[in-house]
Amino acid sequence: MQTLLTLTRRELATFFVSITGYVIIAAATFLVGWSFVVLLDKVGTRPVSMPVTEVLYNTHVFWFILLLAVPIITMRLFALEKSSGTFETLMTTAVSDIQVVAAKFIAALVFYMVMWLPMLACPLIVQRYSSQPALDLGTVGTTYAGVILLGCPFLAVGCFASAISRSQMVAAMVSLVGGVSLFLLSFLPDQIPNQVTWQAQILGSFALLQHMHDFARGVVDTRPVIVYLSLTALFLFLTLRAVESRRWK
């Protein structure tokens, strides 16, 4: 456990010591703030028929941030160390492959969580300066939990993309393509007639937009949670196999 914590601190330091991490946070905060101002202008002080948290996710800005920020966060995890030659040095120390993969993913997830912290202020400001009903802190909590859970499979895809490449740009592009492909699956259930078939049920598990709306309303369904965690475990397993493949070369 101590080794894992040390590796995680090492990875987190690379995010917060370099200017790249602060640029990502600043850009995400700017976009969240911009979308927030636009929504305030539209809503004004009149009540709306949905929770404040759901109003904030009726725009595409959230998905734009998610799809672009994750590849930038994860592209350097393995690719930078491979290109600089420090990866082999790291792997010759007394650490296991699974500890390295876990530490890099945890560090990326912690940074991802920090990046979305300014989002929590938006519902509070809307509540303060509008005539909305009393804000449910539980709904705010489920919204933030939904953002974290939704980000896990995207981050895992980014880790895998970085593990199979020596170029950060290639890793970012592969991660972006994987993330966009996962996002586009959200629209497939609407293309299938309303029939109770196994195909519709499987595609319904990837309805990310609907899942996020549920989280923003304070509804926690275990089915999307299981899907997100399963996808995360799958791509982390593939990442581990990609790291272990260096022994076969």
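A short tour of the structure in this document, coming up.

What counts, and where the lines are drawn
Residues numbered from 1 in each chain as written. Predicted model: local features only at pLDDT ≥ 70, side-chain atom pairs only at ≥ 80, totals over all residues. Heavy atoms only, no water. Helix = DSSP H or I, 4+ residues; strand = E, 2+ residues; numbered from the N terminus. Buried < 20%, exposed > 50% of the residue type's maximum accessible area, 1.4 Å probe, protein only. Areas by Shrake-Rupley, 256 points an atom, 1.4 Å probe, with all protein chains shown as cover. Phe/Tyr/Trp six-rings, centres within 6.5 Å; stacked < 30°, edge-to-face > 60°. Lys NZ or Arg CZ within 6 Å of the ring centre and 35° of its normal. Salt bridge = Lys/Arg side-chain N within 4 Å of Asp/Glu carboxyl O. Axes fitted to C-alpha atoms, helices over the stretch in contact; angles between N-to-C directions. Parallel < 35°, antiparallel > 145°, perpendicular 65-115°, else oblique. Left-handed = near helix turned anticlockwise from the far one by under 90°. Contact = heavy atoms within 4.5 Å. Nonpolar A, V, L, I, M, F, W, Y, C, P; charged D, E, K, R; others polar.

Of the regular secondary structure elements, the chain holds 13 helices and zero strands. Looking at the 249 residues of the chain, the share that counts as buried comes to 46%. Of the accessible surface of the chain, which amounts to about 12,700 Å², a share of 70% is contributed by carbon and sulfur atoms.

What follows deals with the packing of aromatic side chains. Geometry of an aromatic ring pair is reported as the spacing of the ring centres plus the angle between the planes. Considering all chains together, one arrives at eight aromatic pairs under this definition. Joined through ring pairs, the aromatic side chains of F62, W63, Y112, W116 and F183 make up one cluster. Positioned above the aromatic ring of F78, the side-chain terminus of K104 is 5.2 Å from the ring centre.

A word on the pattern of salt bridges. With the rule as written, the count across this model stands at six salt bridges. For R10, the salt bridge goes to E11, with nearest N and O atoms at 2.8 Å. Taking relative accessible area as the criterion, E11 reaches 2% and is therefore assigned buried. Across the pair R76 and E11 runs a salt bridge, and its minimum N-O distance is 3.5 Å. One end of the pair, R76, is in the loop between α4 (61–74) and α5 (79–84); the other, E11, is in helix α1 (residues 2–17), and 65 residues separate them in sequence. A relative accessible area of 13% means that R76 is categorised as buried. Where salt bridges share partners, they join R10, E11, R76, E81 and K104 into one cluster.

Once that is clear, we can look at the packing of α4 against helix α7 (residues 97–115). Contact geometry for α4 and α7: axes closest at 11 Å, N-to-C directions at 140 degrees. Here α4 lies oblique to α7, going by the angle between them. Crossing of α4 over α7 shows right-handed handedness. Along the contact surface, α4 presents I65, L66, A69, V70 and I73, while α7 presents A108, F111, Y112 and M115. Considering only residue class, the contact of α4 with α7 consists of nine nonpolar, no polar and no charged.

Before going further, it helps to spend a moment on the packing of α1 against α7. At a minimum axis distance of 8 Å, the contact between α1 and α7 shows a crossing angle of 45 degrees. Relative to α7, the element α1 lies oblique. Along this stretch, α1 crosses α7, giving a crossing that reads as right-handed. Between α1 and α7, the residues in contact are T3, L4, L7, T8, R10, E11, L12, F15 and F16 and Q99, V100, A102, A103, K104, I106, A107, A108, V110, F111 and V114, respectively. Grouping the amino acids of the contact of α1 with α7 by side-chain chemistry returns 14 nonpolar, three polar and three charged.

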